[in-house]
Amino acid sequence: MEPLLDGVAETLLWPLRSRAWQSRRPRSGFHDPLSEKLHDTITYDYRRFGRPGPAHAVRAAILDREIRAYLAGHPRATVVALGEGLQTTYWRLGRPDVPWLTVDLPEVQELRARFLPAEPGMTAYAGSALDRAWLDLVDPAHGVFLSAEGLFMYLDPDAVFALIADCAARFPGGALFFDSIPAWLSARPRRLSADYTAPPMPFSLSVSQALALPTRIPGVATATDLKAPASRLLTALADSRVLRDRRPSMTLLNFNPALSCTS
């Protein structure tokens, strides 16, 4: 059955197609059998997204790594997936025994309920990630890891910075993963094929701007530029003056810990 989606919501099928493609490649180090199943179950002309590539799978693998690392230090933490779409992170991680809140638009939550397995530890909030009502569903007592995978670029910049500040205030000691594109890429329409142009992406952030967020947003303690494991040459190129602020990036923000009261 073809999902009735348009605009930003339709873009959730783009990374789904890419993850399934990468998972099926011979000798691929990325394994996502649920994405493969979803890809085959949902009737859609995925050719609209152009030629598939590894970028979305790389992003997913890095997010998996960062969630595992956070849960290793906070085994009872809550994971909040903002704009989760048809991401399959929870199942790639082996269905972790932690509270998991998925936040997305009502039509996307209907799609998730139709195609993804029901999980007792997973709660769905049907609404925009920019709503603040979902914050009240999260218990910050044991730590909070938030992901905004493939989300912020579609939102207003001021709204994104305000959301990060609110999350930092509500979830001390928490962490936030997000990816972003540089200004030159944000400024031009992304025509993926003759039949499909991605929605506008008004939010952009270079690596240098992302790393400066602790000085810009109250409550943000550190910012780390996340990269996939690569050869020394590729790592040097990614960090070179020419490419560093012109490439897409992934960032992990750590929030300030809660202030302890002393008598």
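Here the structure is shown first, and the text comes after it.
Each chain carries its own residue numbering, running from 1 in the written order of its sequence. Local features are withheld for residues below a pLDDT of 70 in this predicted model, meaning they are given only at 70 or higher, and side-chain atom pairs are given and counted only at 80 or more; totals for whole chains, interfaces and linings count all residues. Excluded from the side-chain calculation are hydrogens and water; included are all heavy atoms of the structure.

A. Fine view of the environment of Thr88. Here a helix means four or more residues in a row that DSSP labels H or I, a strand means two or more in a row labelled E, and each is numbered from the N terminus. Structurally, the position occupied by Thr88 is in the loop between strand 1 (78-82) and helix 5 (89-92). Under the scheme applied here, a residue whose accessible area is under 20% of the maximum for its type counts as buried, over 50% as exposed, and between as partly exposed, the area being computed with a 1.4 Å probe on protein chains only. On the accessibility criterion, Thr88 (0% relative accessible area) is buried. The spacing of Thr88 and Leu101 is 13 residues in sequence and 13 Å in space, taken between C-alpha atoms. Leave out the neighbours within four places in its chain, and Thr88 touches Arg19, Asp32, Leu34, Ser35, Leu38 and Leu116. Two N or O atoms count as a polar contact when they lie within 3.5 Å, although within protein this holds only if one can serve as hydrogen donor and the other as acceptor, and sequence-adjacent residues are included solely when both atoms are side-chain atoms. Of the polar contacts made by the side chain of Thr88, one reaches the side chain of Ser35; its length is 3.1 Å. Note on contacts: a residue pair is in contact if any heavy atoms of the two residues lie within 4.5 Å.

B. Here's a closer look at empty space enclosed by the protein. Buriedness of a pocket was judged along seven lines, with at least five required to meet protein on both sides within 12 Å; pockets are open sets of points on a 1 Å grid over the protein atoms alone, cavities are sets where a 1.4 Å probe fits but cannot get out, and lining residues have an atom within 4 Å of a point. Grid points are joined across faces, edges and corners, and a volume is the space filled by probe spheres set on the points. Tallied over the full model, the rule gives 1 cavity of 30 Å³ or more. Here the largest cavity defines a volume of roughly 60 Å³. Every residue along the wall of the largest cavity is listed here: Leu63, Ile67, Ala81, Leu82, Gly83, Glu84, Gln87, Thr89, Trp100, Ser147 and Glu149. At the level of elements, helix 4 (55-73) and strand 1 are the ones that each hand at least two residues to the lining of the largest cavity. For the lining of the largest cavity, the residue count by class is 5 nonpolar, 4 polar and 2 charged. Classes in brief: Ala, Val, Leu, Ile, Met, Phe, Trp, Tyr, Cys and Pro nonpolar; Asp, Glu, Lys and Arg charged; the others, Gly included, polar.

C. Quick look at the packing of aromatic side chains. Between the rings of Phe, Tyr and Trp (Trp by its six-membered ring), a pair exists once the centres lie within 6.5 Å; its type follows the angle of the planes, with under 30 degrees stacked, over 60 edge-to-face, and the other angles tilted. Inspection of the entire model under this criterion finds 11 aromatic pairs. A ring pair is formed by Trp14 and Phe49, whose centres lie 6.3 Å apart and whose planes are at 15°; its orientation type is stacked. Note that Trp14 is positioned in helix 2 (residues 13-24) and Phe49 in the loop between helix 3 (33-41) and helix 4, a separation of 35 residues in sequence. An angle of 70° between the planes, with centres 5.4 Å apart, marks the rings of Tyr44 and Tyr46 as edge-to-face. When sorted by exposure, Tyr44 lands in the same class as Tyr46, which is buried. Three or more aromatic residues joined by ring pairs form one cluster here, namely Trp14, Tyr44, Tyr46, Phe49 and Tyr196. Distance and angle both matter: a charge sits over a ring if NZ of Lys or CZ of Arg is within 6 Å of the ring centre and within 35 degrees of the ring normal. In this structure, Arg216 packs its charged tip against the face of Phe161, placed 3.9 Å from the ring centre.

D. Region of interest: helix 4. Under the convention used throughout, the expected extent of a helix is 1.5 Å for every residue step, that is, one less than its residue count. Between its terminal C-alpha atoms helix 4 stretches 28 Å, which fits the 27 Å expected from 19 residues at 1.5 Å a residue. The complete set of buried residues in helix 4 reads His56, Ala57, Arg59, Ala60, Ile62, Leu63, Asp64, Glu66, Ile67, Tyr70 and Leu71.

E. Geometry of the pattern of salt bridges. Should a side-chain nitrogen of Lys or Arg be within 4 Å of a carboxyl oxygen of Asp or Glu, the pair is scored as a salt bridge. Tallied over the full model, the rule gives 16 salt bridges. The salt bridge involving Glu36 is made with Arg24; its shortest N-O contact spans 3.5 Å. In this pair, Glu36 sits in helix 3 while Arg24 sits in helix 2, placing the two residues 12 residues apart along the sequence. Note on Arg24: relative accessible area 40%, which makes it partly exposed. Asp64 is the partner of Arg92 in a salt bridge, and the nearest nitrogen-oxygen pair spans 2.8 Å.

F. Looking closely at the environment of Arg17. Tracing the backbone shows Arg17 in helix 2. As for Arg17 and Pro52, which are separated by 35 residues in sequence, their C-alpha atoms are 7.4 Å apart. Filtering out sequence-adjacent residues up to four positions away, Arg17 remains in contact with His39, Tyr46, Arg47, Phe49, Gly50, Arg51 and Pro52. Here the side chain of Arg17 touches Gly50 through a polar contact of 2.7 Å, landing on its backbone oxygen.

G. Here's a closer look at the sheet that holds strand 9 (residues 249-255). Pairing between two strands requires that DSSP report at least two bridges joining them. An order of 3-2-1-4-5-9-8 is seen for the 7 strands of this open sheet, with the pairing classed as mixed. Unpaired on one side and paired on the other, strand 3 (122-126) and strand 8 (220-226) mark the two borders of the sheet. Neighbouring strand axes in the sheet, compared pairwise and without regard to direction, differ in orientation by 20° on average. The axes used here are C-alpha line fits, helices contributing only the stretch in contact, and every angle between their N-to-C directions lies in the interval 0 to 180 degrees. Strands in contact with helix 4 are strand 1, strand 2 (100-104), strand 4 (144-148), strand 5 (175-180), strand 8 and strand 9; relative to strand 4, the strand with the most contacts, it is inclined by about 170°.

H. Layout of the side chain of Ser28. You can see Ser28 is positioned in the loop between helix 2 and helix 3. You can call Ser28 buried: its relative accessible area is 11%. There is a polar contact of 3.1 Å between the side chain of Ser28 and the backbone nitrogen of Phe30.

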